[in-house]
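Coordinate analysis (summary)
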Amino acid sequence: MAAPTEPSSPARVVVLVSGSGTNLQALLDATAEGGPAYGAEVVAVGADRSGIEGLRRAERAGLPTFVRRVADFASRPEWDVALADAVSAHRPDLVVSAGFMKIVGAEFLARFGGRIVNTHPALLPSFPGAHGVRDALAYGAKVTGCTVHFVDDGVDTGPVIAQGVVEIRDEDDEAALHERIKDVERRLLVDVVGRLARDGYSIKGRKVYIP
Ligand code: GRF
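Every chain begins its residue count from 1, and numbering advances along the sequence as written. Local features are withheld for residues below a pLDDT of 70 in this predicted model, meaning they are given only at 70 or higher, and side-chain atom pairs are given and counted only at 80 or more; totals for whole chains, interfaces and linings count all residues. Side-chain figures throughout are based on the complete set of non-hydrogen atoms in the structure, without hydrogens or water.

A look at the overall build of the protein chain
- We count a stretch as a helix when DSSP gives it H or I for four or more residues in a row; a strand needs E for two or more, and each element gets its number in order from the N terminus. Within the protein chain one finds 6 helices and 9 strands.
- Atoms counted for the radius of gyration: C-alpha only. Globule rule: 2.2 Å times residue count to the power 0.38. Computed over the C-alpha atoms, the radius of gyration of the protein chain is 16 Å, within 12% of the 17 Å expected from 2.2 N^0.38 for a compact globule of 211 residues.
- Each principal axis of the C-alpha distribution contributes one length, and for the protein chain these read about 45 × 45 × 35 Å.
- Under the scheme applied here, a residue whose accessible area is under 20% of the maximum for its type counts as buried, over 50% as exposed, and between as partly exposed, the area being computed with a 1.4 Å probe on protein chains only. Residues classed as buried in the protein chain amount to 49% of the 211 residues present.

Quick look at the structure:
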C-alpha cells in the first residue's frame with residue numbers, strides 16, 4: 001500500500017459522509033481552532049446521498065460539496081469512477097471516510113490507496129461491518145471502542161492506525177453506547193488526521209508508522 005511521505009502543508013483532506021457528520025464537524029473545528037498548526041484542512045465534503053446533516057455542516061463552513069448516489073449510475077464500478085473523479089478534483093492528500101456507509105471499489109482504491117482513512121465504531125478485527133456497535137452489545141463484550149484505519153479492499157480490514165477503548169455498561173442500548181463511542185472516536189480521528197498530516201507516515205504490511 002503506497003503512502004505519501006511528503007504531504008502538502010497544510011494537508012488537503014476530502015471527507016466523505018453519509019449521515020449526521022459529527023466526526024466531520026470535529027475535523028472542521030480542529031482546522032478552525034488549530035489553524036495552520038493543526039497541519040490539515042478539509043477542502044471538500046462528499047456524500048452518497050443528499051439532504052443529510054453532514055452536507056449542511058460543510059455548507060455552513062463554506063466548503064464545496066458533491067453527491068454521487070449509487071442509484072444514479074448504471075453499475076457500481078461506474079459510481080466508483082464518478083466518486084473517484086469528484087474526490088480527485090479537490091487534489092486530496094488524505095481522504096477521510098467519516099461515517100460514509102459505502103464500500104469504495106477498485107478504481108477508487110487504485111487512485112487513493114494508502115491515503116484513505118476510515119473510522120469504525122468497534123475494536124477491529126472484532127465486529128466489522130455496518131453494525132459494529134449493535135454486534136458488540138449482542139455478543140456480550142465488556143469493552144468495545146473505535147478504530148481509525150487505512151482502507152484496503154476488504155470490509156474494515158485495512159491497517160490499524162489507532163484505537164480507543166470504551167466500556168460497555170449493563171444498562172447500555174445501541175444508541176447510548178454509540179454516543180459514548182463517538183465521543184472517543186471524534187477525538188481520536190482529529191488526533192490521527194493531524195498527526196498523519198504533520199508528521200507523515202509509512203505503511204509496512206499491516207503496520208502503520210508515524211514518526
Ligand atoms: C461513526 O460512529 C462511524 O464510525 C460510523 O457511523 C458514525 C458516524 O457518525 N460508521 P457521524 O456521522 O460522524 O456523526
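Description of the packing of aromatic side chains
- Between rings of Phe, Tyr and Trp, where Trp is taken as its six-membered ring, a pair exists when centres lie within 6.5 Å; planes separated by under 30 degrees are stacked, by over 60 edge-to-face, and by other angles tilted. By the definition in use, this model includes 3 aromatic pairs.
- Judged by centre distance (4.9 Å) and plane angle (55°), the ring pair of phenylalanine 108 and phenylalanine 112 falls under tilted. Taken together, the residues span about one helical turn, with phenylalanine 108 and phenylalanine 112 both in helix α4 (residues 106–112) at a distance of 4 residues.
- Residue phenylalanine 112 is classed as buried on the basis of its relative accessible area, which comes to 4%.

Topic: the layout of surface pockets
- For the largest pocket, the calculated volume is near 720 Å³.
- Here a cavity means grid points, on a 1 Å grid over the protein atoms only, where a 1.4 Å probe fits yet cannot get out; a pocket means an open set of points with protein on both sides within 12 Å along at least five of seven lines; lining residues are those with an atom within 4 Å of a point. Lining the largest pocket are 39 residues, with Gly99, Phe100, Met101, Asn118 and Thr119 positioned closest to its centre.
- Contributing elements (two or more residues each) for the lining of the largest pocket: α1 (22–34), β5 (116–120), α5 (132–139), β6 (143–150) and α6 (174–199).
- Polarity classes work like this: nonpolar for Ala, Val, Leu, Ile, Met, Phe, Trp, Tyr, Cys and Pro, charged for Asp, Glu, Lys and Arg, and polar for all others, with Gly in that last group. Here the residues of the lining of the largest pocket sort into 13 nonpolar, 19 polar and 7 charged. Grid points are joined across faces, edges and corners, and a volume is the space filled by probe spheres set on the points.

A word on the pattern of salt bridges
- Should a side-chain nitrogen of Lys or Arg be within 4 Å of a carboxyl oxygen of Asp or Glu, the pair is scored as a salt bridge. Counted under the stated rule, the structure contains 11 salt bridges.
- The partner of arginine 49 in a salt bridge is aspartate 48, and the shortest N-O contact between them spans 3.0 Å.
- The buried category is assigned to aspartate 48, whose relative accessible area is 5%.
- Put simply, arginine 69 and aspartate 72 hold a salt bridge, and the shortest N to O gap is 3.0 Å.
- Relative accessible area serves as the criterion here: at 35%, arginine 69 is assigned to the partly exposed category.

Quick word on the packing of α5 against α6
- Here, axes are lines fitted to C-alpha atoms. For helices the fit covers the stretch in contact, and angles between N-to-C directions go from 0 to 180 degrees. Running from N to C, α5 and α6 point in directions that differ by 115°, and their axes come no closer than 9 Å. The two elements α5 and α6 meet at a crossing, and its hand is right-handed. Each of Val133, Arg134 and Leu137 in α5 lies in contact with α6, whose residues at this interface are Glu174, Leu177, His178 and Ile181.
- Partitioned by chemical class, the residues of the contact of α5 with α6 number 4 nonpolar, 1 polar and 2 charged. Crossing handedness is read from the near helix: turned anticlockwise from the far helix by less than a right angle, it gives a left-handed crossing, and turned clockwise, a right-handed one. Contacts are assigned to residue pairs with any non-hydrogen atoms lying within 4.5 Å of each other.

Remarks on the sheet that holds strand β3 (residues 65–67)
- With respect to topology, 7 strands assemble into an open sheet ordered β3-β2-β1-β4-β5-β6-β7, the strand pairing being mixed. In this open sheet, the two edge strands, each paired with only one partner strand, are β3 and β7 (160–167). In this sheet, neighbouring strand axes are inclined to one another by 20° on average, regardless of whether the strands run parallel or antiparallel.
- Across 4 bridges, the pairing between β5 and β6 is antiparallel. Looking at the pairing, asparagine 118 lines up with histidine 149 of β6.
- Seen against the sheet, helix α2 (residues 53–60) touches β1 (11–17), β2 (40–47) and β3 and runs at an angle of roughly 155° to β3. Two strands qualify as a pair provided that DSSP identifies no fewer than 2 bridges between them.

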